[in-house]
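What follows is the residue order along each chain.
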Amino acid sequence: MDPRGGNSPVLYYNTCQYTRVWIPDPDEVWRSAELTKDYKEGDTSLQLRLEDETIREYPIDVQSNQLPFLRNPDILVGENDLTALSYLHEPAVLHNLKVRFLESNHIYTYCGIVLVAINPYEQLPIYGQDVIYAYSGQNMGDMDPHIFAVAEEAYKQMARDEKNQSIIVSGESGAGKTVSAKYAMRYFATVGGSASDTNIEEKVLASSPIMEAIGNAKTTRNDNSSRFGKYIQIGFDKRYHIIGANMRTYLLEKSRVVFQADDERNYHIFYQLCAAASLPEFKELALTCAEDFFYTSQGRDTCIEGVDDAEDFEKTRQAFTLLGVRESHQISIFKIIASILHLGNVEIQAERDGDSCSISPQDEHLNSFCRLLGVEHSQMEHWLCHRKLVTTSETYVKTMSLQQVVNARNALAKHIYAQLFGWIVEHINKALHTPLKQHSFIGVLDIYGFETFEVNSFEQFCINYANEKLQQQFNSHVFKLEQEEYMKEQIPWTLIDFYDNQPCIDLIEAKLGILDLLDEECKVPKGTDQNWAQKLYDRHSGSQHFQKPRMSNTAFIVVHFADKVEYLSDGFLEKNRDTVYEEQINILKASKFPLVADLFHDDKDSVPATTASGKGSSSKINIRSARPPLKVSNKEHKKTVGHQFRTSLHLLMETLNATTPHYVRCIKPNDEKLPFHFDPKRAVQQLRACGVLETIRISAAGYPSRWAYHDFFNRYRVLVKKRELANTDKKAICRSVLESLIKDPDKFQFGRTKIFFRAGQVAYLEKLRADKFRAATIMIQKTVRGWLQKVKYRRLKATTLTLQRYCRGLLARRLAEHLRRTRAAIMLQKQYRMRRARLAYQRVHRATVTIQAFTRGMFVRRIYQQVLMEHKATILQKHVRGWVARRRFQRLRGAAIVIQCAFRMLKAKQELKALKIEARSAEHLKRLNVGMENKVVQLQRKIDDQNKEFKTLSEQLSAVTSTHTMEVEKLKKELARYQQSQGEDGSLRLQEEVESLRAELQRAHSERKILEDAHTKEKDELRKRVADLEEENALLKDEKEQLNNQILCQAKDESAQNSAKENLMKRELEEERSRYQNLVKEYSRLEQRYDNLRDEMTIIKQTPGHRRNPSNQSSLESDSNYPSISTSEVGDTEDALQQVEDIGLEKAAMDMTVFLKLQKRVRELEQERKKLQVQLEKREQQDSRKVQVEQAKNDLDLDQDADLAYNSLKRQELESENKKLKNDLNELRKAVADQATQNNSSHSSPDSYSLLLNQLKLANEELEVRKEEVLILRTQIVSADQRRLAGKSTEPNINARTSWPNSEKHVDQEDAIEAYHGVCQTNSKTEDWGYLNEDGELGLAYQGLKQVARLLEAQLQAQSREHEEEVEGLRAQVEALKEELDKQQQTFCQTLLLSPEAQVEFGVQQEISRLTNENLDLKELVEKLEKNERKLKKQLKIYMKKVQDLEAAQALAQSERRRHELNRQVTVQRKEKDFQGMLEYHKEDEALLIRNLVTDLKPQALAGTVPCLPAYILYMCIRHADYVNDDLKVHSLLTSTINGIKKVLKKHNDDFEMTSFWLSNTCRLLHCLKQYSGDEGFMTQNTAKQNEHCLKNFDLTEYRQVLSDLSIQIYQQLIKIAEGVLQPMIVSAMLENESIQGLSGVKPTGYRKRSSSMADGDNSYCLEAVIRQMNSFHTVMCDQGLDPEIILQVFKQLFYMINAVTLNNLLLRKDVCSWSTGMQLRYNISQLEEWLRGRNLHQSGAVQTMEPLIQAAQLLQLKKKTPEDAEAICSLCTSLSTQQIVKILNLYTPLNEFEERVTVAFIRTIQAQLQERNDPQQLLLDFKHMFPVLFPFNPSSLTMDSIHIPAYLNLEFLNEV
C-alpha cells in the first residue's frame, strides 16, 4: 500500500486536522508540516502549518491523488531499525537517521538486513575490548546497532549453519568503509583468536597498516581513501579459531602514482618514506622532502592535519616485521619506491626537430633510479627516449616525442608500483597462509562505492560497474530473505516488483557491450577514444540505460541504478591497454637485485598482481558459477585491464553467491568532514545509491511491520474487551481484536509465530491505543477533578463554621473583660486614697524622731572628742621614742648586711665562674649525639676490657715465663751434672741441644715482645681513633641540633605523610594481591591451555607405537605448580640456595627473606675468604720457617735409632704416668665431692682450691726427691755402662714405629739420648741395675719429672697461641670497626648532600636495613636453636620409643610367662589406648588413599558427616608422617594431594558443587596446617588437647603458600562457574522480565527482532530464577563448610557481575532505557537486597557493588527538564561516569506519546556541569573484573581424635595411632 493515500481507515484518520505530513523542500529535501484543516476528497490543496509556524498551501494533483507522505508518531522516531517504522518512505528514513545521528549521537542504524553506518568524523569510545565482549554471544536484535553486532551475527551463523559468510562494506570515499572493515576484522581476531601460538590474528590486523600505506591516499573527500578494493577471507578451523587469512585486491588506481589533483596526495608510503629519509639506513635512497619530487607535489599540499608520516612509517615497518618480511626485503621495497620518485624527477629535453628527446647523462635522479634498481644507466637512458618497432622482416628503433617519452616514463612508474603492490599482497598472503585445513571462512569486502565526479574516467566506470553487480546481488538477496520469511510464517506469497539492473549490466559486459567494444578498439592499430565513442553511439543509442550528451561527441551517459553518470572517453583506451614498452621491462628483468628481477618475470598471460593473489587463495573454495562464463575470442592477445577486472569481478560474485552476505552501508554525512554535521542532500543521495531505500521499498511493498503474538498482546491489550480477556489463547485474542479493529483483511496476515501488517497499520493501532489512553485519562481527570471540588466545598464549609464559632467567642470575651476592668478601677481608687493618708502620718513621725536623735548625738560627740585628743597625744610620744630607737638599730644592721653582701658576692662570683665552666662543659656534653656517646662508651669499655685481659694475660705469661725460667735453670743444673757423667762424645751433642733450646727460647721471647709491641701500638691507635671520634662527635654537634630541629618541625608533616603512605601501602597491597591473584589466574589459564594443547597433540600424533610418559613424571611435570620443596630448615643458606635453584629465579626473587639471607651469606663468605687468605699467608710463612728449621736439623744428623728407642720408652712412661694421674684425679674428685656435700656452696670453692694446692705442693716435694734419686742413679748407670761396653762396637737396630701407637709424637734430643742408653742397658744387662729399681720408683720419678716439664711447656705454647689468636681477633675487630666507621663517614657525607626530607628518608632506610640484618641474625639464631631443639626432641622420641618398645617387650614376656604358669586358659581383655589423632599408612597405599579420598570421591557421599572431612583425614596422615620424621612421605603426600585436586577440578570444570567442595577442603587443610604449625600466632584459640596435635618436626610454610595459591585458583574457577550459570539469566531477569505486571509496554520492533540468530524457544528468565540459583549456590557452600568470609566474597563478586552485565546491557540497548525499566530495576534490586539480608550476607559489600545500577535506575526515573533537575542528577549519580550518564540520557526512550524525550540542551547542561570530573574514558564496566580474594584464618574447634572415618570411604588401610 502506498502510505500517501488510498481508501483505507488509515487515510480517513490521517487526513484530518493536526495530521503531520512530509512535503518536499529544495534545501532540506523534506520538511515536516501539520494539517490545519481536514482534507476532503476532491480538494486540490492542503492547508499546512510548517514547524516555523508558517502557513503554506500545498497543491495536490487530483488525477493521480498523490497525497504527501505521512509522518510517523513521535514514539517511533529514533528506532534502531528503520523497518520498525509504521510509514516506510524516504522522508521517514532520512528523519530517523538524522535524529539518531544528531540528537543521540548514534552512528549505526539497522535497515532490515543492512547496517547503515554514518561517519561521525570523530573518535568514539565504542570499539574497546569491553564492547567486543559485550556483543559477543548476543543476538543481533537484542543490542543497539553496531558493526560488532553484524560481525557477531556472521560468526554465529558460520558456527551454527556451517556456511561461509561475507560482510560487504560499501560506500563513498570518506564514508568510513576501511575503518568499518578494520573493526570487523578486529572483532573476529578477538572473538576467534587462534588456538595456537602463531598469533595469526595479530598478523591479520598487521596487514591493515601495510595496505593503507601502499593503497590509501588523501583525496578531496577523504584523508585516508582506499584507492583499491580488497576482499579478505579469514579462515577458521572446526573449533572456529582463526587459522589463516587471504586477501584479494581489485583495480588499484595506478594513475595516482603519476598524477594527483589539487588538494590530493599520492599514496601514503611515498610521504612516509620521505619523512624518514633522514634515518641512517635510508641515506642511500637520496631522498629529501616530498615537495622536491614531482610525483608527490602535484596536489600542492603534502601534509595531512593530525597525521605524522614518520610515526606511520614506523608502524608500517613494524607490520612488515610482524608479517615475516625480512629486513633486506624491506630495504629493497623502499628502494623501489624511492626509485619511482627519482624517475618522476628525470628531466627530459626535447630536440629541435620536436620528434626526439634526450636525457642528460649527468641527471642525478636517473643515476639514483638506476642505482636503486640495479640496472644499466646507459640502456635505461637510451630506451626511455626510444622505442622498438618489430615487423615481419626488420626491427626499427624509433625516437619518441617529448609527450610520448613522458607517457612512457609514467607508464613505467605505474607498472613498477603495480608490480610491487602485487608482490607485497602476495607476501602478506604467504604470511597469513596456514597448512591446516580450513573448515570455513568469513570474508570482508571493502570496496569502493558508487562514484560520480565532474570528470569521470575509466576508474569511475569500473567502480560503478562493480557496484551495479553488487546491487544486483543485494536486491536478489533481500528479495530472497523476504520470500523465506513469508514461507516460514506460512503467509501467502505474492510477487513483489523490484528494480532489476540486469539491463544496465548487459549494456556494460554483454557481447558488443561497452567493455567489449573498448577491447575491440584497443586491438585496432590506430584506435582512438573518439572512434570508440562513436561506436558506442551507433551501437547503443536505443538502449534505455545509454544516452549521448547534447554538447559533446566524446562523452557518454550511463543510467545506473543510483544516478546518471557522464563519462569522458578521453584516456579510456590508454588506461585499458596499460601499455609498457617491452625494452624497459627487459632492462628491469636484468637487474642485479633479485627482488627487482622477480617483479617482472611473471608470465605474459597471467592476471596482474592485483588479482593473482586472489586466484591463489580461491583454490580452497569450491564455487560453481550460477551463470555460464563469458566467451572470449580465440585470438591470443594481451588481456586488457577491463577484461581482467571483469574476470576478477565474476570470481568475486561467485564467492559472494556461495556465502551468506551481510551488508554494511557507510554514509558520508557532509563533505566538509565536520563532526556530527548532517547534510540531508548528501545523505539522500547516498541512501539512494547504496540501496537502502530500495530495501525500504521492497519491505513496504509487502508486510513491513511484524509483531510476535505475545508482544502484540502486551502492547495492545488495552484495546481488548473484558470478555475476550477470559480466553487463555493469546492468538485467538489477537485475531478477534484485529478483525474488529481493522476491517480490511488485506492489511494484516496471521503467521505461525507473528502478525504481519501493511505499512501504516501499526500507526493506526498506535492511534487507537493513544485514543484509548486519552479517553481513560479524561475519565480519570474528570473523576479526580470532581473529587477535588467536593473536597474543596467540604473544606470551605468547615472553615465557615469554625470562623463563626470563633467570632461569637470573641464578643463574649470582650464583655467579660469590660466588667473585670470596671471592678478593678474601683478597687484601685480605694487603695490609693488609703495609701496617701498613711504616707502623710509616717512622714511627720519620722521628722520628730530625727530631731531628737541629732540633739542627743551632738552632746555625746563633744565628750568623745576631748577623750580622743588626750589619747592621741600619748600615742605620739610613744611612736617618737620608738622611731629613734629603731633608726639607730637599722643603721647598725645595714652596715653589717653590706659587709656580708660584699663577701657573699665575691664568693658567689667565684662559684658562678666555676659553675659556668662546669655548666658549659655539661651543656656541651648534653648536646652530643646520644648514639655517638653510647658508641664511645662501648669502645672505651671494650678498650678497658681488652686492657684488663691483656694485663691478665701478661701476668699469666710472666708467671709462666718465670716458672719456665726456673725450670730451665733446674734443667741446666741437671744437664751440667749429666754432662759430667757423660763422656766427651755426648757433651758436644748436649751442648748443641742446649744452644738450640736457647735459640728457641730467645725466639719465643722476641715473638712475645713483638706481639706485645703490636698490641701496645694497636691499643694506642685505638685510643687515638677514639679521640678522633670524640672530636668528630664535637664537630657534628651543631649539625645534629639542626637535624633535630628539622625533625621536630617536620614531625607533624611526617605524621600526615605516614598516614598517607599507610593508605598508599594498603592500596598497593590490595593491588599487589589482586595482581598476584591475576597471575595465579593467568597461570591456571595457561596451564589449562597447555593441557588442552597437549591432549590435542596426543590425539593428532597418536600412532600404534605411541608410548606414554611415566605417570609420576607426568604428574610432577604437568599437574604440580611448584617443585618439591625440602622440609629441612630454610634458614640455612645452603637450603636457601637449593630453594632458589628448585623454584627458579623468578619465584625466588619474590621471597625477600631468602634474598636477604643470601646477601648476608655472601658477606659472611667474603669475610671467611679474607680470613682464610690471612691464615694461608701465615701458614706459608710457618712452612718457610719449618723448612729452615728442618734444614738446620738435617745438618745435625741425629741418630734415628735413638729416637725410636726413646719413643718406645716414652710410651711406657706415659702409660704409667697416665694411670697415676687418673688415680690422683679420682682422689681429687672424691675429695671435692665430699667437701661439697659437707660445706655450703659459698665455702666449697676455696676449700677445694686449697686442697688442690696442698696436693700440688706434695707432688712438687716428691718430685724434688725423685729428681735427686734419678741423678744419683744416672751417674751410676752411665759409669757402669762405660765399663761394660768398652771395646765393643754395637749398633742397635730398633724399629719401634710399628709396635707403639704413640711413636710419632715430638721428642727432645736429651730424652732420645737417655732412652737410647737406657734401652741399650736394658737389652744387655737388665739384671745389673734391676736391684736399683726393685719397686719401680726410679722410672716413676723420672717419668714424673719429664711430664711436669712437658706440661709446663705445653701450657706456655697454649698460652702463646691463645694470645696470638686474641691479638688476631682484636685486629680483626679493629679492622671491622674501621670499615664500619668509614662506611658511616661516607654515609654521613652523602646524607649531608641530600635535602632534609631525603636525609630523613635515608636515615629511615639505613635503620630499616640495620634492623633487617639484626632480624636475620636473630632469625638464624632462632632457626639454629629450633633445629637443635628438633634434633634433641627427635633423639628423645627415639629413645622414648626404644624404652616403650623395651617395656612392651618386657610386659609381653611377663604375660607369656604368666600364661605358661596358668593351668587353664583365661580370657584377658585388652585395654584400648587413646586415639592420638594420627593415621598411619604404608607408602604403597598412598595412590589408593588419593584415589579414594580425592579423585573418586563424590561430595554427596559425605552428606551428614563432619564438613571438610577429607581435609582432616589428610592432616592426620601428614601428622603421622611428621611424628615419624619422614619428610619424603610428607612431601609425596602433599604433592599427590595437590595434583589430585587439580585433576578433579580439571575433570569437573563446570561442576559448582564439586568446585565448592574442594575449595572448602583446601581452605580447611590450609587452616589445619596453620592451626597446628606450632606458631603462637595461630594457636591463640587452641585448646590444650589441640596443642598436642601440632606438628613437631617439619615447617610446612612453603606448602601453605602452595595451598593458598591453589585455593585462589579454585575460587576463581568457582566464580567462573557461577558466572557462567548466572550470566544468561541476568539480562532477561533484570531488564526484560516484568517483575511488576503491566508496568512496561512493548514498542514496535523491526526486522532484527526476527533475526535468524535468535533461538525459537523462550529463553526468558525471571528474577525468582536468579534468586533460586543463588539460593542453590549458598546452600551448597554452607553445607560443605566453606568459610563464611569466603561466601561473602563469592556473593560480592557475583553481585558485581550482575551489576556490570545489567548496566552494560542497559548502556547498549535503546529499548530498555525507559521509566518503566527504571522502576523494574529498582524493584529487582530491592528484591536482591532483601535476599542478602535474609541470608545475613548484607555485610559482604554486595550492595555497594550495585550502586552504579541503582543510580542508573534512579536516573531513568528522575525528571529531566530544568537546570535544577540537571543539578540533582549530577549530585545523585556519583558512581556513574559522565560518559555513562550522557549515554543513558541519549538512549532514553518514551514508551508512549504522553512522555517527553530528553532534549539535547538538557544533555549539554549535564555535560557542562560534569566536565570537571576526571572520569575514566571507558564506557562499559569490566564484568570480568575479579576482586582480590582473602582467606582469613579460621581455626577449627574439633580435635583430631574426635573425628570418625566412615566405612564407605574404603580407607581400611589407615591405622589409628
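From a predicted model like this one, the values you see are computed outputs, not experimental measurements.

1. A look at the overall build of the protein
Here is step 1: Regarding its fold elements, the protein presents 54 helices and 26 strands.
Here is step 2: Across the 1857 residues that make up the protein, the buried fraction comes to 43%.
Here is step 3: Sequence-distant contacts, at least 24 apart, represent 75% of the contacts inside the protein between residues at least 6 apart.
Here is step 4: With an accessible surface of roughly 103000 Å², the protein has 53% of that area assigned to carbon and sulfur atoms.

2. Side note on unusual backbone geometry
Here is step 1: The phi torsion at V29 lies on the positive side, around 70 degrees, for a residue other than glycine.
Here is step 2: Relative to the assigned elements, V29 resides in strand β2 (residues 29–35).
Here is step 3: With phi around 50 degrees, F676 is a residue other than glycine that occupies positive phi space.
Here is step 4: The residue F676 is located in the loop between β21 (660–667) and α23 (680–690) in this model.
Here is step 5: Judged by relative accessible area, F676 falls into the buried class, the value being 19%.

3. Examining the packing of helix α49 (residues 1715–1734) against helix α51 (residues 1747–1757)
Here is step 1: As a packed pair, α49 and α51 sit with axes 7 Å apart at the nearest point and diverge in direction by 145 degrees. For the element pair α49 and α51, the recorded crossing hand is left-handed. The residues of α51 that touch α49, namely those facing W1715, T1717, G1718, M1719, L1721, R1722, I1725 and E1729, are L1749, I1750, A1753, Q1754, L1756 and Q1757.
Here is step 2: Taken together, the residues that form the contact of α49 with α51 break down as eight nonpolar, four polar and two charged.

4. Overview of α23
Here is step 1: Across the 11 residues of α23, eight count as buried, placing the element largely inside the fold.
Here is step 2: For α23, the set of buried residues is P680, R682, A683, V684, Q686, L687, A689 and C690.
Here is step 3: Two residues or fewer after α23 comes G691, characterised by a positive phi angle close to 90 degrees.

5. What to know about the nonpolar core
Here is step 1: Grouped together as the largest cluster of nonpolar side chains are 328 residues, with contacts concentrated most on F188 and F556.
Here is step 2: The dominant element in this core, judged by the number of residues it contributes, is helix α46 (residues 1597–1632), at 18 residues.
Here is step 3: Setting aside residues no more than four positions away along its own chain, F188 makes contact with A151, A154, Y155, I167, G193, I234, F236, I242, I442 and V444.
Here is step 4: Counting residues in each nonpolar core, the second largest holds 20 residues, with W707, Y716, L719 and L738 among its members.

6. A closer look at the packing of aromatic side chains
Here is step 1: Taken as a whole, this structure holds 39 aromatic pairs when the rule is applied.
Here is step 2: Considering the side-chain rings of Y155 and F236, the 5.8 Å spacing of their centres and the 65 degrees angle between planes classify their relative orientation as edge-to-face. A residue pair is termed long-range when its members are at least 10 positions apart, and Y155 in helix α4 (residues 147–161) and F236 in strand β11 (residues 229–236) qualify at 81 residues. Both residues of the pair, Y155 and F236, belong to the buried class.
Here is step 3: Centroid distance F458 to F572: 5.6 Å. Interplanar angle 85 degrees. Geometry classified as edge-to-face. Within this pair, whereas F458 is found in helix α14 (residues 458–488), its partner F572 is found in helix α18 (residues 572–577), the two being separated by 114 residues in sequence. Each member of the pair, F458 as well as F572, is classed as buried.
Here is step 4: The side chain of R735 reaches across the aromatic face of F750, ending 4.5 Å from its centre.

7. So, the sheet that holds strand β3 (residues 45–50)
Here is step 1: In space, the five strands of this open sheet follow the order β4-β3-β2-β1-β5, with antiparallel pairing throughout. Here the strands that pair on one side only, and so sit at the sheet edges, are β4 (55–59) and β5 (69–70).
Here is step 2: Inspection of the sheet shows β3 paired to β4 by five bridges, in the antiparallel sense. Note on β4: the bridge partner recorded for L48 is R56.

8. Describing the packing of helix α48 (residues 1684–1707) against α49
Here is step 1: Closest axis-to-axis distance for the α48/α49 pair is 13 Å, and the angle between their directions is 175 degrees. As the angle between them shows, α48 and α49 are arranged roughly antiparallel. Listed contacts from α49 to F1691, F1695, T1702 and L1706 of α48 are L1721, L1728, W1731 and L1732.
Here is step 2: Classifying every residue of the contact of α48 with α49 by side-chain character gives seven nonpolar, one polar and no charged.

9. Here we look at a positive patch on the surface
Here is step 1: A surface patch of positive charge is lined by K488, K731, R735 and R752.
Here is step 2: Mapped onto the fold, K731 is located in helix α26 (residues 730–741).
Here is step 3: We classify K731 as partly exposed; its relative accessible area is 36%.

10. Describing a nonpolar patch on the surface
Here is step 1: Judged by side-chain polarity, I780, V784, W787 and L788 come together as a nonpolar surface patch covering roughly 410 Å² of accessible area.
Here is step 2: Mapped onto the elements of the fold, I780 is located in helix α27 (residues 761–926).

11. Looking at the side chain of T961
Here is step 1: With respect to the element layout, T961 can be found in helix α28 (residues 930–981).
Here is step 2: Side-chain polar atoms of T961 contact the backbone oxygen of L957, separated by 2.5 Å.
Here is step 3: Not counting chain neighbours up to four residues away, the residues in contact with T961 comprise H1005 and R1008.

12. Some thoughts on the pairing of strand β17 (residues 440–446)
Here is step 1: Counting buried positions along β17 gives seven out of seven residues, so the element sits mostly inside the fold.
Here is step 2: Residues S440, I442, V444 and D446 point to one face of β17 and F441, G443 and L445 to the other, with burial holding for every one of them.
Here is step 3: Both strand β8 (residues 165–171) and β17 contribute to a ladder of five bridges, which runs parallel. By the bridge assignment for β17, Q165 is matched with I442.
Here is step 4: Examined bridge by bridge, β11 and β17 share seven bridges and lie antiparallel to one another. The residue of β17 that forms the bridge with F236 is S440.

13. Quick look at the sheet that holds β21
Here is step 1: Read from one edge to the other, the open sheet built from seven strands follows the order β6-β7-β21-β8-β17-β11-β12, with strand pairing classed as mixed. A single partner strand is all that each edge strand has here, and the edge strands are β6 (108–111) and β12 (242–250). Here the strands of the sheet are splayed against their neighbours by 20 degrees on average, with no regard to which way each runs.
Here is step 2: Bridge analysis of β8 against β21 gives seven bridges, and the strand direction is parallel. Bridge assignment links G171 to a residue of β21, and that residue is C666.

14. Notes on the pattern of salt bridges
Here is step 1: Scanning the entire structure with this criterion turns up 38 salt bridges.
Here is step 2: A salt bridge links D223 to K673; the shortest N-O distance between them is 2.8 Å. Residue D223 is found in the loop between β9 (216–217) and β10 (225–226), and its partner K673 is found in the loop between β21 and α23; the two are separated by 450 residues along the sequence.
Here is step 3: Overall, K673 belongs to the partly exposed group, its relative accessible area being 26%.
Here is step 4: D671 is the partner of K668 in a salt bridge, and the nearest nitrogen-oxygen pair spans 4.0 Å.
Here is step 5: Since its relative accessible area comes to 36%, D671 is described here as partly exposed.
Here is step 6: In this structure, a network of salt bridges that share partners links the residues E172, K668, D671 and R682.

15. With respect to the side chain of H1531
Here is step 1: Its place among the elements puts H1531 in helix α43 (residues 1527–1547).
Here is step 2: Among the polar contacts listed, one links the side chain of H1531 to the side chain of Y1599, at a separation of 2.4 Å.

16. Thoughts on a negative patch on the surface
Here is step 1: A contiguous patch of negative charge on the surface is contributed by D944, D945, E949, E1362, E1364, E1365 and E1366.
Here is step 2: Counting residues per element, the ones that place at least two in the negative patch are α28 and α39 (1337–1393).
Here is step 3: Here the negative patch gets four residues from one element, more than from any other, and that element is α39.
Here is step 4: Residue placement: D944 occurs in helix α28.
Here is step 5: For D944, a relative accessible area of 32% puts it in the partly exposed group.

17. Some words on the confidence of the model for the protein
Here is step 1: Of the residues in the protein, 78% have a pLDDT of 70 or more, and the chain-wide mean is 78.
Here is step 2: Note on residues 1319–1335: pLDDT under 50 across the span, and 15 contacts to partners over four residues away in sequence or across chains.
Here is step 3: Contacts of residues 1458–1473 to residues separated by more than four positions or lying in other chains number zero contacts, the stretch itself having pLDDT below 50.

What counts, and at which threshold
- Residues numbered from 1 in each chain as written.
- Predicted model: local features only at pLDDT ≥ 70, side-chain atom pairs only at ≥ 80, totals over all residues.
- Heavy atoms only, no water.
- Helix = DSSP H or I, 4+ residues; strand = E, 2+ residues; numbered from the N terminus.
- Buried < 20%, exposed > 50% of the residue type's maximum accessible area, 1.4 Å probe, protein only.
- Contact = heavy atoms within 4.5 Å.
- Areas by Shrake-Rupley, 256 points an atom, 1.4 Å probe, with all protein chains shown as cover.
- Axes fitted to C-alpha atoms, helices over the stretch in contact; angles between N-to-C directions.
- Left-handed = near helix turned anticlockwise from the far one by under 90°.
- Nonpolar A, V, L, I, M, F, W, Y, C, P; charged D, E, K, R; others polar.
- Core = buried A, V, L, I, M, F, W, Y, C linked by side-chain atoms within 4.5 Å.
- Phe/Tyr/Trp six-rings, centres within 6.5 Å; stacked < 30°, edge-to-face > 60°.
- Lys NZ or Arg CZ within 6 Å of the ring centre and 35° of its normal.
- Pairing = 2+ DSSP bridges.
- Parallel < 35°, antiparallel > 145°, perpendicular 65-115°, else oblique.
- Patch = residues over 30% accessible without salt bridge, like charges linked within 9 Å, V, L, I, M, F, W, Y side chains within 5 Å.
- Salt bridge = Lys/Arg side-chain N within 4 Å of Asp/Glu carboxyl O.
- Lys, Arg positive; Asp, Glu negative; His and termini not counted.
- Charge placed at Lys NZ, Arg CZ, Asp CG, Glu CD.
- Polar contact = N/O pair within 3.5 Å; in protein donor to acceptor, adjacent residues only side chain to side chain.
- pLDDT = per-residue confidence, 0-100.

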